[in-house]
Amino acid sequence: RQMTLPPVPQGLAVTFGPAIRLAGYGLVPPRPTAGGTTQLTLYWQATGRPTLDETAFVHLVDASGKLVAQADGPPGGTTLPSSIWEPGQAVVDVHTLALPSSLPPGTYHLHIGLYNLASGARLAASGPGLSPGADDVDLGAIQVGR
């Protein structure tokens, strides 16, 4: 079990539910192209003992909020479900986002969050700049090229 986070490229301080903190993320390449892929690495840390197996979602949305690409999966992969995380445990979680070849170049936003696969219920998100009742985090604008 890894108890210390590695260096985090883009730091955050967002808590999901009662026991999971998103410490930050990294995106490679930072300017993806239509028809290509980008890897988003999420850096999680248990602040308590999660009781359920959560699923992370990564959504790429256009200016109108329309979903144009997504990648969902358990944080840490299938071998490290969140229900077995120990308090303080660090988890590095990589999601590969495939961008449609028909995606027009432009500005898009990456939204991430956690949900329970069985119920579909999202975990509440809290942290600086988030409104009450938030259930996802906008990681900011990315430029998609051709």
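Check the entry above for the structure.
Bear in mind that the values here come from a model prediction, so they are computed numbers and not experimental data.

All right, on to unusual backbone geometry then. For residues that are not glycine, phi is negative in most cases, and the peptide bond is trans in most cases. Residue V28 is joined to P29 through a cis peptide bond whose omega torsion reads -10°. On the secondary structure map, P29 appears in the loop between β2 (20-28) and β3 (37-46).

This paragraph deals with the pairing of strand β1 (residues 10-16). Summarising the sheet, β1 and β2 pair through 5 bridges and their orientation is antiparallel. Each residue of the ladder has a partner; that of T15, found in β2, is R21. The antiparallel pairing of β1 with β2 creates a hairpin that spans 3 residues between the two strands, and G17 there sits at a positive phi of about 60°. In the sheet, β1 pairs with strand β8 (residues 125-126) via 2 bridges, with the strands oriented antiparallel. Paired with F16 across the strands is A125, a residue of β8.

Most of strand β7 (residues 106-116) is tucked away: 8 of the 11 residues are buried. Looking at chain direction, strand β4 (residues 54-61) and β7 are connected through 8 bridges and run antiparallel. Each bridged residue has a counterpart across the sheet, and for A56 the counterpart in β7 is L114.

Here the structure, examined in full by the defined rule, presents 2 aromatic pairs. Ring geometry for F16 and W44: centres 5.7 Å apart, planes at 70°, overall edge-to-face. On the criterion of sequence distance, the pair formed by F16 in strand β1 and W44 in strand β3 is long-range, its members being 28 residues apart. Like W44, F16 is buried. Taken together, a centroid distance of 6.2 Å and an interplanar angle of 40° make the contact between F57 and Y115 tilted.

Definitions and limits used
Residues numbered from 1 in each chain as written. Predicted model: local features only at pLDDT ≥ 70, side-chain atom pairs only at ≥ 80, totals over all residues. Heavy atoms only, no water. Helix = DSSP H or I, 4+ residues; strand = E, 2+ residues; numbered from the N terminus. Pairing = 2+ DSSP bridges. Buried < 20%, exposed > 50% of the residue type's maximum accessible area, 1.4 Å probe, protein only. Phe/Tyr/Trp six-rings, centres within 6.5 Å; stacked < 30°, edge-to-face > 60°.

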